[in-house]
Structures are given as C-alpha cells and as structure tokens.
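Chain and residue survey
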Amino acid sequence: MTGGTGNGAGGGHPPPEERPGDDRAASSALLEDSVEDLYEHAPCGFLSTMPDGTIAKINTTLLDWLGHARGDLVGHRTFSDLLTVGGRIYHETHFGPLLRMQGEISGIALELEAADGSRLPVLVTSTVKTGGDGQPLLIRTTVFDARDRRAYETELLRARQEAEGEREELMRLNATLQQTLLPPTLVSVPGLEVAAHYHIASPDKVGGDFYDLFPLAAGTWGLFLGDVCGKGAAAAAVTSLARYTLRAAAVYDPDPAAVLSNLNTVLNHEYNGDDPRFCTVVFGLLTPDTDHGGFRITLAGGGHPPALLLRADGSVGLLDTPGGQLIGVLPDAHIATTTVHLEAGDTLLLHTDGLTEAHTAANSDDDRYGDEALLDFARALAPTTATDAVAAIRELLDTFGTGVDDDTAVLAISVPRP
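Residues numbered from 1 in each chain as written. Predicted model: local features only at pLDDT ≥ 70, side-chain atom pairs only at ≥ 80, totals over all residues. Heavy atoms only, no water.

1. Remarks on the sheet that holds strand β5 (residues 136–145)
Definition in use: We call two strands paired when DSSP finds no fewer than two bridges between them. Numbering of helices and strands runs from the N terminus; a helix is a DSSP stretch of H or I covering at least four residues, while a strand is a stretch of E covering at least two. Only C-alpha atoms enter the line fits that serve as axes; for helices the fit covers just the stretch in contact. Angles between N-to-C directions range over 0 to 180 degrees. Contact between two residues is taken to exist if any of their heavy atoms lie within 4.5 Å; hydrogens are not considered.
If you trace the five strands from one edge of the open sheet to the other, you get β2-β1-β5-β4-β3, paired in antiparallel fashion. Strand pairing shows two members of the sheet lacking a second neighbour, β2 (55–58) and β3 (104–113), which therefore form its edges. Geometrically, the sheet is characterised by an average inter-axis angle of 25 degrees between neighbouring strands, direction not taken into account. The strands touched by helix α5 (residues 85–102) are β3, β4 (119–130) and β5; relative to β3, the strand with the most contacts, the crossing angle is about 155 degrees.

2. Comments concerning unusual backbone geometry
Residues Ala 382 and Pro 383 are joined by a peptide bond in cis, for which omega reads -10 degrees. Within the secondary structure, Pro 383 is located in the loop between α9 (370–381) and α10 (386–400).

3. Some thoughts on α5
As a reminder, the rule being used: In this analysis, the expected span of each helix is defined as 1.5 Å times one less than the number of residues it contains. Two axes enter the definition of the bend at a residue: one is fitted to the seven residues ending there, the other to the seven starting there, and the bend is the angle between them. Exposure categories follow from relative accessible area, calculated using a 1.4 Å probe and restricted to protein chains: below 20% of the type maximum is buried, above 50% is exposed, and the middle band is partly exposed.
Taking 1.5 Å as the rise per residue, α5 with 18 residues should run 26 Å; its terminal C-alpha atoms sit 24 Å apart, in good agreement. The largest bend in α5 amounts to roughly 50 degrees and is located at His 91. Of all the positions in α5, only Gly 87, His 91, Phe 95, Gly 96 and Leu 99 are classed as buried. Of the surrounding secondary structure, the elements contacted by the buried residues of α5 are β3, β4 and β5.

4. Here we look at the environment of Asp 52
Within the secondary structure, Asp 52 is located in the loop between β1 (45–49) and β2. For Asp 52 and Leu 137, which are 85 residues apart along the polypeptide, the C-alpha to C-alpha distance reads 10.0 Å.

5. So, the confidence of the model for the chain
What counts, and what does not: Summary of the metric used: pLDDT quantifies the predictor's per-residue confidence within the range 0 to 100.
The predicted model of the chain has a mean per-residue pLDDT of 85, with 87% of residues at 70 or higher. Mean pLDDT across the elements of the chain bottoms out in helix α1 (residues 2–9) (44) and peaks in strand β14 (residues 347–351) (96).

6. Section: the packing of aromatic side chains
What describes a pair of aromatic rings is the distance from one ring centre to the other and the angle between the planes of the rings. Rule in force here: A pair of aromatic rings is counted whenever rings of Phe, Tyr or Trp (Trp by its six-membered ring) have centres within 6.5 Å, and the orientation is called stacked for planes under 30 degrees apart, edge-to-face for over 60 and tilted otherwise. By the criterion adopted, a ring carries a charge over it if an Arg CZ or a Lys NZ lies within 6 Å of its centre and within 35 degrees of its normal.
Here the structure, examined in full by the defined rule, presents five aromatic pairs. Centroid distance Phe 79 to Phe 95: 6.4 Å. Interplanar angle 45 degrees. Geometry classified as tilted. Of this pair, Phe 79 sits in the loop between α4 (70–73) and α5 while Phe 95 sits in helix α5, placing them 16 residues apart in sequence. Taking the relative accessible area as the measure of exposure, Phe 79 reaches 6% and is therefore buried. Given the relative accessible area of 1%, Phe 95 is considered buried. What links up through ring pairs into an aromatic cluster is the set Phe 210, Phe 214 and Phe 224. Over the ring of Tyr 39 we find Lys 57, and its NZ or CZ is 4.5 Å from the ring centre.

7. Concerning the pairing of β4
The sheet contact formed by β3 and β4 spans eight bridges and is antiparallel. By the bridge assignment, Leu 110 is partnered in β4 with Val 122. Connecting the antiparallel pair β3 and β4 is a turn made up of five residues, with Gly 117 showing a positive phi of about 90 degrees. Sheet topology places β4 next to β5; nine bridges connect them, and they run antiparallel. The residue of β5 that forms the bridge with Thr 130 is Pro 136. Hairpin connection between β4 and β5: a loop of five residues separates the two successive antiparallel strands, and Gly 134 in this loop has a positive phi of roughly 85 degrees.

The structure is reproduced here in structure tokens:
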C-alpha cells in the first residue's frame, strides 16, 4: 500500500512536457538560437564603429531602414556618412566632441539619409567601449526610429498653431465686443473736464464693467458706471442690456433713484430663473449750478463701491450711498442717493472693484489693495484734475501687473479752476 501510494503520488514519472530538464534544455537552445537573431532583428538599430567612425558592424534592422547592403557599409563608410548634411555638421561640432569627452551620449535627435535619398528621423544613443589602458576600442550606437514621434510632434505643433490662431481670433472678437459695450468717446460737458479708462484683466474673456456719460434734457447730463457679475458672453449680454436700459430709463425719468429702480425691474424680470444675473451700479445726474458756479451732482447707488471726492483744498472723502442693494437680485431693491456740489478744483472719481481687489503681491490671495490704500493714494493726488487722476490710476494698475484679475473701469469728472 505504502509503496503503491508513493509510486502514484510522488514517485511516478511526469509527462515528457513537464520534465524540468527538458524545459531547461529547450530554453537554452532557444536562447542560443535567438541571441544573434535578437541583435539582427531588434526593434531598434544597432551599430558598432571604430574610434575613427568606420562602421564595423550593423544589424539588419538598420540596414532595412536605410536600404543599404551590409557590404556597402561595413569597413567602407563611417557613421557620419549616414547622416544628412546638417546632421554631419552637428556630429562634428557637438555629438563627436561630447562623446569623446563624456564617453556616453544619449537621446540625441538626428536624421539619417537612406539609400533612396529619403530622410529618417532617429534618436541616437552612443557609448564608447575602452580597453584596459583606457583607450577607446569601439563605439556602440543604438538607433531608435523617431518617425512616429516626429509625426506626433508635427501634428502637435500644427494643433498648437491652430489653437493660437483661434485664440488670437477670439481675442479680436472679444476686443471688438468690448468696444461695443463702451462709449467710443465721452461727450463734452461745458464747464467740466471728463476722463475715463478701462483696464482689461484678460483678453480671453469679455469683462462686465461699463460706463457712460450722455446728455439728457437741456442743461443736464447723465453718467453711470457699473460692474456685472461674471465674465464672458453671458456677462456681455447683461452689460449691453444694462447700458441701454439706463440710457432709456434716464430719458423717461432722469431721477437717479428711478433710473436704477427701472434697471432693477428689467434685470430681475429677465434673469430670475436658474441663472440669476445682477450688477452693481452708480448713476449720477449732473446739473450746472448757475447761482454758485460748479455742478450739482445727485448719485444713486446700487451696491457699488463709494465714489472718491477730491476737493480743491486737498481733502479727500468717500461719497457713499449706504444701504444701496445689488441691482437685479430683489424685485424691489433699495436704492440709496446722495447729493454733492462740485466747485472749481474738485474732482469726482468713480471706479469698479477690480481696482481695490487687485493683488499687490504676485501669487497672493490675501494681499488685496483695499479701500484704505486707495484713500491714501487719492490723498497724495489731491487736488487734481480728472485727466491727471485717471492717468495716475492707470499707472497704479500697471504696477500690479498680473495681480489685477478683474476688469477695472474708472470715470472721473472735475470742475476746472478759473
């Protein structure tokens, strides 16, 4: 029983295909047969040259790529003879000297010239084999076919050029659209100096800031400056609607609070669905003061940053409209108003929050410019004129560089000194 069990379970002979000795013999024979075949028909080219560059050995793969016979190259041609003219120059001036100095060089992009004159882009790695005395015996070179890679790089370059062209076209379209949302020129108001500036944070997207100055009834003018939430085409649509609604509402009833109430009704009715749109706006009514000189200005604000008032005596203050709510969010938004008298030498400066929210340090999310810094900046300017104030703001924005991540609109009016 015991002997029978041993013969059946552990003492029997395995089938011929499972015999370890036969497997090792077969693997050894396969290895001996395949070493030369692996060299000759490897998926890359192999090349051995003498120190002077004369080809001593070359595999079938590389011969097939180039269309040459082995006898035409071995002992008769050098490696540089296989290169294009530009490749030979690079080999003599860079490749060869680096190889001699370092003993190895890898991943060099070259072009080989085939027997039919066609070009084969390749990546080349070479290693110098030295003898016991340290002198070079031969150079072993591996050549990888880079045609697919070159085609990929060419296609990638073409796609990149197309993308850049499309981006430039988009930038032109955005610039054109942006211009249609702003007045081409500001009207001339007798007795006032007027200046404005629009700073574009990104040419890839249309911003939502807007401003305007326009005549109303005889002896009165309207002005506004606002900022629509968001960017792009959707914001541009709201900007266009807001700009023309403000103009039309001011003609119908120039009272600043009524103008913003009408805009609020329009935006709330138009954008009260799943994608609500709103904006901050300040609207002003300008009237010459025939009794005391200068201008009387009534401002209505809907959630907009306060204006800056730079007096002729050098004092600076905020002309706020506290309690004014965002335009377009609520059916009956609260509109706050204030009235001020501009005398000779006074300047009123309106701006959007892209200025105060600009980053003063690169790659910083916390270091915003802020309202206090803007007040200090204005104190250093006062007294000033509309033109000089806007020029100073432009220079300030330029100092922030890429820190200005939102479009900024600035509108200034001043009463010239006699």
